[in-house]
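The lines below spell out each chain.
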Amino acid sequence: MIKTVAVIGAGTMGNGIAHVFAQHGFKVLLVDVNAAQLEKAVATIDKNLSRQVEKNVVTAEQKVLSLNNLSTHTDIADAASKADLIVEAATENIDLKLKIFKQLDEVANPETILASNTSSISITKIASVTKRPEKVIGMHFMNPVPVMKLVEIINGYATDNTITETIVSLSKQLNKVPCVVNDYPGFIANKILMPMINEAIYSLYEGIAGVEAIDTIMKLGMAHPMGPLQLADFIGLDVCLSILNVLYEGFGNTKYAPCPLLVNMVTAGKLGVKSGEGFYIYQAGSKELIVSNRFK
Ligand code: CAA
C-alpha cells in the first residue's frame, strides 16, 4: 500500500507532481540538492493551491491539509529510505538519471517502486542500472501537472504486471487518467506530439506561413488549447530538440530529424518561456503573446 511518496527534483514537473500527491492525501517528501529550489517549489505549490481554492477545485481546508502533507529534504538517501514509491523528476539528462536510479536502488526499501517522469529516456535503460528492474516504471505527467488529466505509464522491458496495476490504480487515486504504453523512443505522447511541433517549425522555416497563422490554424482549426509553436515555447525548445534527437536516433528514421531552425534557436539560447524568448517574447507578469521580432 502506497502512503509515502518521495519526489526527486523540485523543478516545474517535480513541484506539480508533489502538489497532486499531497492534494490527494499522500505524505510527500520533496527532494532537491538545492535548498533554494525547494523553497521556490513550496511557494509555487502554495500559489497553485490558492488558485484552485479560488476556482473551487479544492477547499481552503484541503489546501492546509495538502501543505501539511508536504515536507522538503536535501538528503536523497534519507528521504528515499522512507518512501513506498519514488517518482524521479530530475533534469532530463541520461547520465544524471542513471546515477540517481543506481543510488535510489541502493538506499530504498526492496519493496519500493521506482518511477521516472522522463519524457523520452528509455525506462528499460534506467531499470538496467538497478537490481529491481521489475519494479521500475515510467510515470509521465504532463505540464501543468495539477491541470492535465493524463498520466502516460510506461512499461519497461522487465516491468512486472503487478507494478503496472499498482501505478494504474494509484494514478486513478490522483484523479488522473492512466494510459499504459510500451517502452520505445518517445513512448506515445512525444512520438506523436514532437513530429507535429517539428512540422510546424519546418512550415515557418520554409516560409509557408508566419508564427501567428500557424498557431491560429491549429488552435481554431483543431481545437488545440495552444498552437504548436506556443506549445514548443511552453515545453522548452531545448527539451523539444532533445526529444526529437531521441526519436531520430532511436528509430533511425529521418522523418524525426529536427528542423535546422529549432537547432539554431537552441544554440542561440532562445529556449521559449524559460529564457524569455522563443517564437514569442515573454515578459514577467504579462499574459500577452508577442511574436518575436525575428519572425515579424
Ligand atoms: N496549477 C493549478 N491550476 C492551474 C495551473 C497550475 N499550475 N495552471 C493553470 N491552472 C488552471 C487555471 O486556474 C485555470 O482554471 P479554470 O479552467 O478552472 O479557470 C485553467 O488551469 C486554465 O488556466 P489559465 O486560465 O491560466 O490559462 P489557459 O486557459 O490559457 O490554460 C493551459 C493554460 C492549461 C496551460 C492551456 O493552455 C493548455 O492546456 N495548454 C496545453 C498544455 C499541454 O499541452 N501540456 C502538455 C505539454 S507536453 C508535456 O508536458 C510532456 C512532455 O513530455 C513534453
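Everything below is about the structure printed above this text.
Residues numbered from 1 in each chain as written. Predicted model: local features only at pLDDT ≥ 70, side-chain atom pairs only at ≥ 80, totals over all residues. Heavy atoms only, no water.

1. With respect to the packing of helix α8 (residues 189–205) against helix α9 (residues 211–222)
And then number 1: At their nearest, the axes of α8 and α9 sit 9 Å apart, and the two run at 145 degrees to each other. The two elements α8 and α9 meet at a crossing, and its hand is right-handed. Contact residues: M196, A200, S203 and L204 in α8; V211, I214 and M218 in α9. (Axes fitted to C-alpha atoms, helices over the stretch in contact; angles between N-to-C directions. Helix = DSSP H or I, 4+ residues; strand = E, 2+ residues; numbered from the N terminus. Left-handed = near helix turned anticlockwise from the far one by under 90°. Contact = heavy atoms within 4.5 Å.)

2. Here's the deal with the packing of aromatic side chains
And then number 1: For the structure on display, the rule yields five aromatic pairs.
And then number 2: Relative to F295, the ring of F279 has its centre 5.5 Å away and its plane inclined at 35 degrees; by these criteria the two rings are tilted. A residue pair is termed long-range when its members are at least 10 positions apart, and F279 in the loop between α12 (260–267) and β9 (280–281) and F295 in the segment after β10 (290–291) qualify at 16 residues.
And then number 3: Taken together, the ring pairs connect F21, F26 and F141 into an aromatic cluster. (Phe/Tyr/Trp six-rings, centres within 6.5 Å; stacked < 30°, edge-to-face > 60°.)

3. Thoughts on the packing of helix α2 (residues 35–54) against helix α3 (residues 60–68)
And then number 1: In contact at an axis separation of 9 Å, α2 and α3 are set at 160 degrees when each is read in the N-to-C sense. One element, α2, and the other, α3, form an angle in the roughly antiparallel class. For the crossing formed where α2 meets α3, the hand is right-handed. Contacts between α2 and α3 involve I45, D46, L49, S50 and V53 from the former and A60, K63, S66 and L67 from the latter. (Parallel < 35°, antiparallel > 145°, perpendicular 65-115°, else oblique.)

4. A look at the site of the ligand
And then number 1: With respect to spatial proximity, 18 residues lie near the ligand, and among them R51, K55, H140, N143 and N190 are the closest.
And then number 2: Contact between the ligand and K55: an oxygen atom at 2.8 Å from a side-chain N or O atom of the residue.
And then number 3: In this structure, H140 approaches the ligand through a side-chain N or O atom, which is 2.8 Å from an oxygen atom.
And then number 4: Bound to the protein, the ligand loses 69% of the 1,000 Å² it would expose on its own.
And then number 5: Put simply, the parts of the chain that give the shell around the ligand at least two residues each are α2, α8 and α10 (228–235).
And then number 6: For the shell around the ligand, the residue count by class is 10 nonpolar, five polar and three charged.
And then number 7: Both of domain 1 (4–182) and domain 2 (189–295) provide at least three residues apiece to the shell around the ligand. (Near = heavy atom within 4 Å. Polar contact = N/O pair within 3.5 Å; in protein donor to acceptor, adjacent residues only side chain to side chain. Areas by Shrake-Rupley, 256 points an atom, 1.4 Å probe, with all protein chains shown as cover. Nonpolar A, V, L, I, M, F, W, Y, C, P; charged D, E, K, R; others polar. Domains from an automatic or database assignment.)

These values are about where atoms sit, not about what they do.
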